[in-house]
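# Fold and contact review
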Number of protein chains: 2
Amino acid sequence: MTRLRLTVAYVGTAYCGWQTQLIPNGERPTVQSFLEAAASHIAGVPVHVHGAGRTDSGVHAEGQTAHIDVPDARMHIDWQLAMNTLLPRDIRVLEAVPVSSDFHAQFGVVSKCYEYHLWPNRRFTLPQRYPFVWACGPFDADKMRAAAQYLIGTHDFASLCNAGSSAKTTIRTITSISDRLFDPETGESIWRFEGKGFLKQMVRNCIGMLVAVGQDRLKAEDIPEILLSRDRTKAPQTAPAQGLTLKFVRYNEQ
Amino acid sequence: MTRLRLTVAYVGTAYCGWQTQLIPNGERPTVQSFLEAAASHIAGVPVHVHGAGRTDSGVHAEGQTAHIDVPDARMHIDWQLAMNTLLPRDIRVLEAVPVSSDFHAQFGVVSKCYEYHLWPNRRFTLPQRYPFVWACGPFDADKMRAAAQYLIGTHDFASLCNAGSSAKTTIRTITSISDRLFDPETGESIWRFEGKGFLKQMVRNCIGMLVAVGQDRLKAEDIPEILLSRDRTKAPQTAPAQGLTLKFVRYNEQ
């Protein structure tokens, strides 16, 4: 068997997230299920796709990473091309490269980068951008940058972790939060979060809190107390999935 | 009656272009038909939507312009909000403002601006960008800029006008062609065309010709002869609709 590292992009709108689960009737499919069907078809044997981590229903990716083990007898195939031929248009394999058998897409993660797109105009959302932004309305970016300083570093993020997490600890490290303008004409901006790993819906809860500060619904100085409370109900609402993109996953060898 | 100027954005993927036509069974609807249905519903009387010009099936817009005449008794309504409530998500009214009754969305046009998005990577298209780009593969942008100089100005564009045009003359003026990088990470670039007006599929034929030069399938110096031939079959193929966006329409009063 040869291990392949897959870099995968998808528009999450049509999918019930990354991870395959017991699917109730009528539920939308997952990205993983489509990748496994394609890889298994090409391999001629069932292939398990092991991702770097889950993404929620509706969340997008430009650099999700996964590994698969495929029979050496099928290594003459151009795996990227073959998989893209079988996959739906809103899932693309950007890269499929042989890696050492000790590469592990989940356990080898050094850091992850997520980007969240904010749309400041309350009157309309450009339909071209609608599936990729949160139309949160106007906000004060300076206040949000100041608030972000309370989140950067190692904290107990229990108040920013939604119910249903199986994580053993709620302590995580955010190494950086930065923002840039996506389009000066529309004011769409990108908020980038980097860290070793994130709890369930933690990025969406972080940006939800930053926007609350940027819209004067919360004071930046209250953030430390909210973190200390370890109480999810003390923090603002979760920002919608559609604004979020898993931008890239970093591994040691890169 | 009060005349309203509408600025309209749409993702053209699902539509059979801007203009309503006798629709054969099973054909996709047009953008105009949805706008007319919404406006007529709000006005309580049939409303005709008069656009600045057609856009082809699959072409997008961020600043299509149209005018409608609505009963004064309905002028207390927030027309932008009301129309967006009734319209599908991929059509948005960005602005609905009262204008003088001598404003005419088609006859008052001073210039139009189209943008064409090129995707240089042949291995994959990011699914987020797939509906908005032509994945033409690598090209030499310098060669394309040199070739563009042969198109700028007033010429007979008969060789770049597709069959089925009802235009009285094929002479048009392109005032500028410029390009910029949309995203340095992916290499996606935007080619902007401005002019008083364009023939049927003329922008798509222009960019098709420029890309042919950028990919060494045509020499820039051969362009004048192709224009002089007035023969559509002498020029390269029409570029796909999905890369094209009607960016804005300019009027005298603006």
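Look above for the structure.
Report on the accompanying structure. Bear in mind the structure is a predicted one, so any value in this text is a computation, not a measurement.

Further remarks concern the relation of the copies chain A and chain B. Each copy of the sequence occupies a distinct position, and chain A is placed on chain B by a rotation of 180° and an axial shift of 0.0 Å, giving an RMSD of 0.0 Å. Here the copies are linked by what is in effect a two-fold axis. Both copies share a contact surface, since 100% of the interface residues of chain A are interface residues in chain B too.

Taken together, the contact pairs 27 residues of chain A with 27 residues of chain B. Overall, the association of chain A and chain B removes approximately 2,100 Å² of surface from exposure, summing both partners, and the carbon and sulfur fraction of that is 56%. The tally of links from chain A across to chain B stands at two salt bridges. Residues A:Arg123 and B:Asp78 are paired through a salt bridge, measuring 2.9 Å at the closest nitrogen-oxygen approach. For the interface between chain A and chain B, the tally reads eight residue pairs in polar contact (both at pLDDT 80 or more). Among the elements of the structure, strand S1 (2-10), strand S3 (60-70), helix H2 (79-86) and strand S4 (91-99) of chain A are those that each provide at least two residues to the side of chain A that touches chain B. Top contributing element to the side of chain A that touches chain B by residue count: S4(A), with four residues. The residue makeup of the side of chain A that touches chain B, split by class, is 14 nonpolar, five polar and eight charged.

A few words on the pattern of salt bridges. Residue and element names in this part refer to chain A. Here the structure, examined in full by the defined rule, presents 30 salt bridges over all chains. Between Asp 156 and Arg 230 there is a salt bridge whose closest N-O contact spans 2.6 Å. Of this pair, Asp 156 sits in strand S6 (residues 153-156) while Arg 230 sits in the loop between helix H5 (223-229) and strand S9 (244-251), and the two are 74 residues apart along the sequence. What makes Asp 156 partly exposed here is its relative accessible area of 23%. The partly exposed category is assigned to Arg 230, whose relative accessible area is 46%.

Let's shift gears to unusual backbone geometry. Its identity is not glycine, yet A:Gln201 carries a phi of approximately 60°, on the positive side. Checked against the element boundaries, A:Gln201 lands in the loop between strand S8 (188-195) and helix H4 (202-214). Residue B:Asp216 is not a glycine yet carries a positive backbone phi of 60°. Mapped onto the secondary structure, B:Asp216 falls in the loop between helix H4 (202-214) and helix H5 (223-229). Its relative accessible area of 56% is what places B:Asp216 among the exposed residues.

This next bit is on the state of the cysteines. Residue and element names in this part refer to chain A. Considering all chains together, one arrives at zero disulfides over all chains under this definition. Of all cysteine sulfurs in the structure, the one in Cys 161 sits closest to Cys 206, which takes part in no disulfide; the separation is 11 Å. With a relative accessible area of 0%, Cys 206 lands in the buried category.

Glancing now at the environment of A:Gly195. Residues and elements named next belong to chain A. Mapped onto the elements of the fold, Gly 195 is located in strand S8. On the accessibility criterion, Gly 195 (0% relative accessible area) is buried. Sequence-distant contacts of Gly 195, that is, excluding residues within four places in its chain, are made with Ser 111, Lys 112, Thr 173, Ile 174 and Thr 175.

Pairs of packed helices are described in terms of their axes, by the angle between the two and the distance that separates them. Residues and elements named next belong to chain B. Two elements in contact, helix H3 (residues 141-148) and H4, have axes whose closest approach is 8 Å; the angle formed by their N-to-C orientations is 130°. Looking at the two axes, H3 sits oblique to H4. Along this stretch, H3 crosses H4, giving a crossing that reads as right-handed. Listed contacts from H4 to Lys 143, Met 144, Ala 147 and Ala 148 of H3 are Ile 207, Leu 210, Val 211, Val 213 and Gly 214. Taken together, the residues of the contact of H3 with H4 sort by class into seven nonpolar, one polar and one charged.

Calculation notes
Residues numbered from 1 in each chain as written. Chains lettered and ligands numbered in written order. Predicted model: local features only at pLDDT ≥ 70, side-chain atom pairs only at ≥ 80, totals over all residues. Heavy atoms only, no water. Least-squares fit on C-alpha atoms with pLDDT ≥ 70 in both. Contact = heavy atoms within 4.5 Å. Buried area = accessible area lost by both parts, 1.4 Å probe. Salt bridge = Lys/Arg side-chain N within 4 Å of Asp/Glu carboxyl O. Polar contact = N/O pair within 3.5 Å; in protein donor to acceptor, adjacent residues only side chain to side chain. Helix = DSSP H or I, 4+ residues; strand = E, 2+ residues; numbered from the N terminus. Nonpolar A, V, L, I, M, F, W, Y, C, P; charged D, E, K, R; others polar. Buried < 20%, exposed > 50% of the residue type's maximum accessible area, 1.4 Å probe, protein only. Disulfide = S-S within 2.5 Å. Axes fitted to C-alpha atoms, helices over the stretch in contact; angles between N-to-C directions. Parallel < 35°, antiparallel > 145°, perpendicular 65-115°, else oblique. Left-handed = near helix turned anticlockwise from the far one by under 90°.

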